[in-house]
Protein chains: 2
Amino acid sequence: MAPASQVFIAVIGAGGVGKCFLSQLELLSKRRPTPTLALAYIATSKKALYSGDYAPIAIDHALSALASSTQQPLAPPQLADFLAAAPAPVVVVDNTSSQEVADAYPLFLRRGLHVVTPNKKAFSGSYALWRDIFAASAASGAKVYHESSVGAGLPVISTLKDLVETGDEVTRIEGVFSGTLSFLFNSFAPAAGGGGGGGSKWSAEVTKAKELGYTEPDPRDDLNGLDVARKLTILARLAGLAVESPASFPVQSLIPRELESAASGDEFLRRLPEFDAQMEEIKAAAEAKGKVVRFVGSIDVATKQVRVGLEEFDRSHPIAALQGSDNIISFYTKRYGSHPLIIQGAGAGGEVTAMGVTSDLLKVLSQIS
Amino acid sequence: MAPASQVFIAVIGAGGVGKCFLSQLELLSKRRPTPTLALAYIATSKKALYSGDYAPIAIDHALSALASSTQQPLAPPQLADFLAAAPAPVVVVDNTSSQEVADAYPLFLRRGLHVVTPNKKAFSGSYALWRDIFAASAASGAKVYHESSVGAGLPVISTLKDLVETGDEVTRIEGVFSGTLSFLFNSFAPAAGGGGGGGSKWSAEVTKAKELGYTEPDPRDDLNGLDVARKLTILARLAGLAVESPASFPVQSLIPRELESAASGDEFLRRLPEFDAQMEEIKAAAEAKGKVVRFVGSIDVATKQVRVGLEEFDRSHPIAALQGSDNIISFYTKRYGSHPLIIQGAGAGGEVTAMGVTSDLLKVLSQIS
């Protein structure tokens, strides 16, 4: 394989992350003349833009051109055919959270198409899909990177891989993996200010977080813990555990059972105050011990236990001292001993998520050009 | 350049880091059959072991074979000649802290030899050497990585490079970069326990740190701040500042002027109690404001100011809350806003330093094989 002087980029998804990625790609293509980065395909779930002869799409006008395009997106098998016939290496950048696209990674990889993505679905779905993806990558040599699937641009996955590949023994991973739940508990039960201080009622905090745009449109999609469970599934697998799916370990939901069937997110929020006493009790129980409650995920590698839910922490613990909507991930390993390797910072947002995707793209480029 | 099925490794230095690296290399070569990792050269400052026909040295017996070898180490130009004639790609692993070896990197790189190292000297010496190294790498395509030159195995340099290369704007870098000074101040002026609590006299803390093996043989080599200044020089340059040398910005030394010329480390420690009142005063001044004092390095990218020395921090600040001999590095960037990306953990020690070297080696291997 000769070093490529040109690399084709196929972008799927043009939402918040997709738009930020395109602007980072534009900057990258200006800064690094070699290899030439040629945008050969861009699509949303409704539209696409591409040319049968792979003529590059101007990156700085890709979004407006896509908006006025009348082309339909190609289904994964057709997209794989189209891209595999390109006259240079191709990197598929999946900026969606689509299961359908994720399911196509083994196909893309078998056809020699590299994949970089923040999409958690492929790596936290069935273990069969996980194995299929990495088997396809090993067979064809095509690369697959997904740094932003956990902690957005924070170097979480690359660090875990480095620990494992250099022969360290990861014993435990623990952290706050949801920006939304970080924000909620840092406000609801702040570590600073002493017992009883700070924090409105739980339902008021959830409503505020939604108004600030920190939650999904229906806050239950954050409160059910599934997003955190997906991230834990990915890290556990990288640490060597054959976790079958995010449903194969205990995940505590913060949705009161009575509100699981509420017709809408708004209906849920309207009725949530009825259950404030429950969360108040949990908070008070922790405070009585001089602690604060946080929503965390943890992986105990030796006992193969993965769990997601509420835990109590001393006020001086780094997890208790977290601020805003930051994530924190602690790796306990044999080499690092009792003091973990800690990574902390914003774990959500278009720009930082796109940064993880762009740095993954750079990794692929360094290996093929 | 066809993917290499064999890669030669040349190891310089077999001290604490070198020994740990060899055991990680042994594990790596067993786990990853491709490419074959062949140890072609190993040397200390006094001895070497190599064969004119590049016959691989058994990694698991390399240290004992080296101990009984009668070969002299090759001077850098001869070493470059020897390695450049090898029938496969070569990675030079410099596990020394030798300026002479560091000065040879441009030569190695120009000859197509890849370099990975924890040696700070090359990257924190003259700016001319820095430019020479990266110019040589760009010209030949040979790779150079030095993750462990700052924060040992912590992903500090790779993260800073990712931020810069993906187009983020790093505005400020701040942190505790010395495990020794971290340990000293975490003990001398602990954040927990309230005003006046904890902490023996400064001289007693230094003596204890030396007894525990946390300092250099002469503790003044830690207290002069130069090691921190070297690390700041590296990070500032990666952030885009043309820092001429570690001597071109203010570095506060914790060595009392009167003891700079003490004949030995022991003599220094014997007389240090005479100056305890000075450190006690600095600690009390911070405590009077509800703060603690820490020895930090900071880089303000916009104003191009780099400084190393004592600063006061609120007790709830992550820098104040550090424990043991951990390092902490905070990256403030445009994307991450007011909440920095933080990396924390052990920043010294043979195993974790070697881990950074081994992960650098893996990066090189992924690009050439």
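Model, not experiment: these values are computed from the prediction.

Engineer: Is there a simple way to explain the packing of aromatic side chains in this structure?
Structural biologist: Given two aromatic rings, one states the distance between the centres and the angle between the planes to describe the pair. Residue and element names in this part refer to chain A. Tallied over the entire structure, the rule returns 26 aromatic pairs over all chains. Arranged with centres 6.4 Å apart and planes meeting at 90°, the rings of Phe-123 and Trp-130 form a pair that is edge-to-face. Neither Phe-123 nor Trp-130 differs from the other in exposure class; each is buried. Ring centres of Trp-130 and Phe-134 lie 4.8 Å apart, and the angle between their planes is 55°; on these two criteria the pair is classed as tilted. With Trp-130 and Phe-134 both in helix H7 (residues 127-140) and four residues apart, this pair spans about one turn of that helix. A relative accessible area of 8% places Trp-130 in the buried class. Classification of Phe-134 by relative accessible area gives partly exposed; the value is 27%. Ring pairing ties together the aromatic residues Phe-8, Tyr-41, Tyr-50, Tyr-54 and Phe-82, which thus form one cluster. Here the basic side chain of Lys-363 rests over the ring of Tyr-145, its NZ or CZ set 5.7 Å away from the ring centre.

Engineer: Would you explain helix H15 (residues 350-368) of chain B in this entry?
Structural biologist: For an α-helix the count is 3.6 residues per turn, leaving residues at separations of three or four pointing the same way. The terminal C-alpha atoms of H15 of chain B, which comprises 19 residues, lie 27 Å apart, in line with the 27 Å expected from a rise of 1.5 Å per residue. Buried residues dominate H15 of chain B, accounting for 15 of its 19 residues.

Engineer: Help me understand the relation of the copies chain A and chain B, please; the structure alone is not making it clear to me.
Structural biologist: Think of it as a corkscrew move, a rotation about one axis and a shift along it, taking one chain copy to the other. By a simple turn and slide, chain A fits onto chain B: the slide is 0.0 Å along the axis, the RMSD is 0.0 Å, and the turn is 180°. The transformation relating the two chain copies, once decomposed into turn and shift, fits a two-fold axis. The fraction of interface residues of chain A whose copies in chain B are also interface residues reaches 100%, indicating that both copies meet through the same surface.

Engineer: Please explain the sheet that holds strand E6 (residues 144-145) of chain B as it appears in this structure.
Structural biologist: Whenever strands of a sheet pair, they do so through backbone hydrogen bonds, lying parallel or antiparallel. All names here are of chain B. Read across the sheet, six strands follow the order E3-E2-E1-E4-E5-E6 without closing on themselves; strand pairing throughout is mixed. Strands with a single pairing partner mark the edges of an open sheet, and in this sheet they are strand E3 (48-50) and E6. Bridge analysis of strand E5 (residues 114-116) against E6 gives two bridges, and the strand direction is parallel. By the bridge assignment, Val-116 is partnered in E6 with Tyr-145.

Engineer: Please explain the interface of chain A and chain B as it appears in this structure.
Structural biologist: A common way to express how large an interface is: the accessible area buried when the components associate. Facing the 37 residues of chain A at the interface are 38 residues of chain B. For the pair chain A and chain B, the summed buried surface comes to about 3,100 Å²; carbon and sulfur atoms form 59% of the total. Across the chain A-chain B interface, the total number found is two salt bridges. The set of elements that each furnish at least two residues to the side of chain A that touches chain B consists of helix H1 (16-31), helix H8 (157-165), strand E11 (341-346) and helix H15 (350-368) of chain A. The element best represented in the side of chain A that touches chain B is H15 of chain A, accounting for eight residues. Considered class by class, the residues forming the side of chain A that touches chain B number 17 nonpolar, 14 polar and six charged. Relative to strand E11 (residues 341-346) of chain B, E11 of chain A runs antiparallel, the two sharing three bridges. The residue of E11 of chain B that forms the bridge with Gln-344 of chain A is Ile-342 of chain B.

Engineer: What's the story with helix H3 (residues 76-84) of chain A in this structure? I'm lost.
Structural biologist: All names here are of chain A. Within H3, the full set of buried residues consists of Pro-76, Leu-79, Ala-80, Phe-82 and Leu-83. End-on view of H3: buried residues confined to an arc of 165°, all on one side of the axis. Buried residues belonging to H3 abut strand E1 (6-12), strand E2 (36-43), strand E3 (48-50), strand E4 (90-94), helix H4 (99-103) and helix H5 (105-110).

Engineer: Where do I start with the pairing of strand E2 (residues 36-43) of chain B in this structure?
Structural biologist: On any regular strand, side chains alternate: one points to one face of the sheet, the next to the other face. Residues and elements named next belong to chain B. For E2, the tally of buried residues reaches seven of eight residues, placing the bulk of the element in the interior. Relative to E2, strand E1 (residues 6-12) is paired through seven bridges, and the arrangement is parallel. Within the sheet, the bridge partner assigned to Val-7 lies in E2 and is Leu-37. Of the crossover connections in this fold, the one passing from E1 over helix H1 (residues 16-31) to the parallel E2 is right-handed. Across three bridges, E2 lies against E3 in antiparallel orientation.

Engineer: Can you walk me through the pattern of salt bridges in this structure?
Structural biologist: As a working rule, side chains carrying opposite charge can pair if their charged atoms are close by. Tallying each qualifying case throughout the model produces 26 salt bridges over all chains. In this structure, Glu-274 of chain A engages Arg-271 of chain A in a salt bridge whose closest nitrogen and oxygen atoms are separated by 3.4 Å. Overall, Glu-274 of chain A belongs to the exposed group, its relative accessible area being 53%. Look at Arg-271 of chain A and you get partly exposed, because its relative accessible area is 23%. Of the charged contacts, one joins Arg-335 of chain B and Glu-351 of chain A as a salt bridge, the two residues approaching to 3.4 Å between their closest N and O atoms. In this pair, Arg-335 of chain B sits in the loop between strand E10 (326-333) and E11 while Glu-351 of chain A sits in helix H15, so the two residues belong to two different chains. The partly exposed category is assigned to Glu-351 of chain A, whose relative accessible area is 34%. Where salt bridges share partners, they join Lys-120, Asp-227 and Lys-231 of chain A into one cluster.

Definitions and cut-offs
- Residues numbered from 1 in each chain as written.
- Chains lettered and ligands numbered in written order.
- Predicted model: local features only at pLDDT ≥ 70, side-chain atom pairs only at ≥ 80, totals over all residues.
- Heavy atoms only, no water.
- Phe/Tyr/Trp six-rings, centres within 6.5 Å; stacked < 30°, edge-to-face > 60°.
- Buried < 20%, exposed > 50% of the residue type's maximum accessible area, 1.4 Å probe, protein only.
- Helix = DSSP H or I, 4+ residues; strand = E, 2+ residues; numbered from the N terminus.
- Lys NZ or Arg CZ within 6 Å of the ring centre and 35° of its normal.
- Expected span 1.5 Å × (residues − 1).
- Least-squares fit on C-alpha atoms with pLDDT ≥ 70 in both.
- Contact = heavy atoms within 4.5 Å.
- Pairing = 2+ DSSP bridges.
- Buried area = accessible area lost by both parts, 1.4 Å probe.
- Salt bridge = Lys/Arg side-chain N within 4 Å of Asp/Glu carboxyl O.
- Nonpolar A, V, L, I, M, F, W, Y, C, P; charged D, E, K, R; others polar.
- Arc of directions from axis to C-beta.
- Right-handed = clockwise from strand over helix to strand, strands pointing away.

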